[in-house]
Amino acid sequence: MSEQWIYLNGEFVEKHDAKISVYDHGFLYGDGVFEGIRVYDGNVFRLKEHLDRLYDSAKSIMLVIPHTKEEMTDLVIKTLQRNKLRSAYIRLVISRGVGNLGLDPSSCAKPQIVIIAEELALFPKELYDSGLEIITVATRRNRPDVLSPKVKSLNYLNNVLVKIEASLAGVSEALMLNDQGYVAEGSADNVFIIKGKKILTPPGYIGALEGITRNAIMEIATELGYTVKEEPFTRHDVYVADEVFLTGTAAEVIAVVKVDGRVIGNGVPGKETQQLLEAFRHRVIEDGEKVYKEDQEIEVS
Ligand code: PMP
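Residues numbered from 1 in each chain as written. Predicted model: local features only at pLDDT ≥ 70, side-chain atom pairs only at ≥ 80, totals over all residues.

Visitor: Explanation requested: the environment of lysine 110 in the structure shown.
Guide: Relative to the elements of secondary structure, lysine 110 occurs in the loop between strand 5 (88-95) and strand 6 (112-118). Assessed through the 11 C-beta atoms surrounding it within 10 Å, lysine 110 is described here as exposed. Between the alpha carbons of lysine 110 and valine 64 there is a distance of 8.7 Å; along the sequence they are 46 residues apart. (Helix = DSSP H or I, 4+ residues; strand = E, 2+ residues; numbered from the N terminus. Buried ≥ 20, exposed ≤ 12 C-beta atoms within 10 Å, placed from the backbone.)

The structure is reproduced here in structure tokens:
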């Protein structure tokens, strides 16, 4: 396998040399922010939105990223080119940096910046054909007034616990409810339900991250003539929906066919979900403005 290059604080280092101090506050306290981004055949899908979310998350936790968004765009593109990747998953991590053992981040001199690009291990194709069986779990989504779900921070312990609960139950994904019992989202994806021509997804204040795939699907569904609404719903609404699907950078659009033992619709991925997935896959290739030309072209949308 060819070498993988990681962008780490101003230089490219080989994967086995990409190391961070144990005094980094991202490691010690989850003090930092991150993004997961995807490039489709040279088109970095909605990089601007991902960077806006990253910089907003950083601002919210008072972490100053020592690069402009234009510089960061350039670094993302360089990481792809260095790794000769046209289709990949990109992980951008900004941690508070190396400090002392205390919680106070004022001991951290500068943030650490990491960009990893690697080939994406998709959910297996069979799961797109068969749909997912999922459950709802006991782990609740953080309350928005405790840690805003809009901040994509390195504090993902809840999400990790969701994954543990899901695997213990023998399923690959699960839904979190918020503290009032409304459905919030999956461990790393947003949830949608379809009833008739109406498509619903939980609003941000319920505890959902405002996913970039979620936003793209809301746009596409509206264009296709659906009524799309951000509206709170409960597990009952999920159980009786015609179709249920999850969205995320890694998962794209994936149908859910069973929730807590209740079969959704006919128990196979529904037509509307498949139509949305198809439209989404076209959109990720069509969208985009070319910003870089060399031996590889990289587009940013
Ligand atoms: N919710 C959570 C908690 C996530 O981590 C993600 C992945 N970023 C999503 C939803 C989906 O968001 P996006 O479509 O921007 O990947």
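Next comes the rest of the description.
Visitor: Would you take a moment to explain the nonpolar core for this structure?
Guide: Nonpolar side chains tend to gather and get buried jointly when the protein is soluble and globular. Formed by 43 residues in total, the largest nonpolar core has its most connected members in Phe192, Ile217, Val244, Phe245 and Val256. With residues up to four places along the chain from it excluded, the contact list for isoleucine 217 reads Phe192, Thr247, Val253, Leu276 and Phe280. Residues Tyr55, Leu63, Leu85 and Ile115 belong to the second largest nonpolar core, which totals 29 residues. (Core = buried A, V, L, I, M, F, W, Y, C linked by C-beta atoms within 7 Å. Contact = placed C-beta atoms within 7 Å.)

Visitor: Teacher, can you tell me more about the site of the ligand here?
Guide: Lining the immediate environment of the ligand, one finds 14 residues, of which Leu209, Gly211, Ile212, Thr213 and Thr249 sit closest. Looking at the shell around the ligand, the elements with two or more residues in it are helix 6 (212-223) and strand 13 (243-248). Ranked by the residues each element gives to the shell around the ligand, the list is headed by helix 6, at 3 residues. Residue composition of the shell around the ligand, by class: 3 nonpolar, 8 polar and 3 charged. (Near = placed C-beta within 6 Å. Nonpolar A, V, L, I, M, F, W, Y, C, P; charged D, E, K, R; others polar.)

Visitor: Please explain the pairing of strand 8 (residues 173-177) as it appears in this structure.
Guide: Consecutive side chains of a regular strand alternate in pointing toward one face of the sheet and then the other. Within strand 8, 5 of the 5 residues are buried, which leaves it mostly tucked inside the rest of the structure. As judged from the 4 bridges shared by strand 7 (residues 132-140) and strand 8, these two strands associate in the parallel manner. When the bridges of strand 8 are listed, isoleucine 135 appears paired with alanine 174. With helix 5 (residues 157-168) bridging strand 7 and the parallel strand 8, this β-α-β connection has right-handed handedness. (Pairing = 2+ DSSP bridges. Right-handed = clockwise from strand over helix to strand, strands pointing away.)

Visitor: So what exactly am I meant to see when it comes to the domain arrangement of the protein here?
Guide: For interface size, the figure often reported is the accessible area lost on association. Each domain of the protein was delimited in the assignment, giving domain 1 (5-121) and domain 2 (125-285). Spacing between the C-alpha centres of domain 1 and domain 2 amounts to 26 Å. Counting residues at the interface gives 24 residues for domain 1 and 11 residues for domain 2. Only strand 3 (32-40), helix 2 (47-60) and strand 5 provide two or more residues apiece to the side of domain 1 that touches domain 2. Per-element accounting of the side of domain 1 that touches domain 2 gives the leading share, 8 residues, to strand 3. Here the side of domain 1 that touches domain 2 is composed, by residue class, of 8 nonpolar, 9 polar and 7 charged. (Domains from an automatic or database assignment.)

Visitor: Any chance you could explain the packing of helix 6 against helix 8 (residues 271-286) here in plain terms?
Guide: Two quantities define a packed helix pair, namely the angle between the axes and the distance from one axis to the other. Here helix 6 crosses helix 8 at 110 degrees, and the two axes come no closer than 10 Å. Viewed along their axes, helix 6 and helix 8 adopt a mutual orientation that is roughly perpendicular. The way helix 6 lies across helix 8 gives a crossing that is right-handed. The segment helix 6 lies against helix 8, with Ala216, Ile217, Ile220 and Ala221 engaging Leu276, Ala279, Phe280 and Arg283. Here the contact of helix 6 with helix 8 is composed, by residue class, of 7 nonpolar, no polar and 1 charged. (Axes fitted to C-alpha atoms, helices over the stretch in contact; angles between N-to-C directions. Parallel < 35°, antiparallel > 145°, perpendicular 65-115°, else oblique. Left-handed = near helix turned anticlockwise from the far one by under 90°.)

Visitor: Which parts of the structure should I look at to understand the confidence of the model for the protein?
Guide: Low pLDDT marks stretches whose predicted atomic positions should not be read closely. In the predicted model, the protein carries a mean pLDDT of 94, and 94% of its residues have values of at least 70. Two numbers describe this predicted complex: its pTM, 0.94, and its ipTM, 0.99. (pLDDT = per-residue confidence, 0-100.)

Visitor: Just to check I follow, could you spell out the environment of tyrosine 205 for this structure?
Guide: Assignment of secondary structure puts tyrosine 205 in the loop between strand 11 (198-201) and helix 6. Classification of tyrosine 205 by C-beta neighbours within 10 Å gives partly exposed; the count is 15. The spatial distance from the C-alpha of tyrosine 205 to the C-alpha of proline 232 is 9.2 Å, given a sequence separation of 27 residues.

Visitor: Honestly, unusual backbone geometry in this entry has me stumped. Any pointers?
Guide: Excluding glycine, residues mostly have negative phi values, and the peptide bonds linking residues are mostly trans. Although it is not a glycine, glutamate 252 sits at a positive phi angle of roughly 60 degrees. With 23 C-beta atoms packed within 10 Å, glutamate 252 lands in the buried category. Of note, aspartate 260 is a non-glycine position whose phi angle comes to about 50 degrees, a positive value. Examined against the element boundaries, aspartate 260 turns out to sit in the loop between strand 14 (252-259) and strand 15 (262-263).

Visitor: Explain the pairing of strand 1 (residues 5-8) here, please?
Guide: Sheet topology note: the strand 1/strand 2 (residues 11-14) ladder contains 4 bridges and is antiparallel. What sits directly across from tyrosine 7, in strand 2, is phenylalanine 12. Here strand 1 hands over to strand 2 after 2 residues, with asparagine 9 in that stretch at a positive phi of 50 degrees. One ladder, built from 2 bridges, connects strand 1 with strand 6; its direction is antiparallel. Bridge pairing in strand 6 places leucine 8 opposite valine 114.

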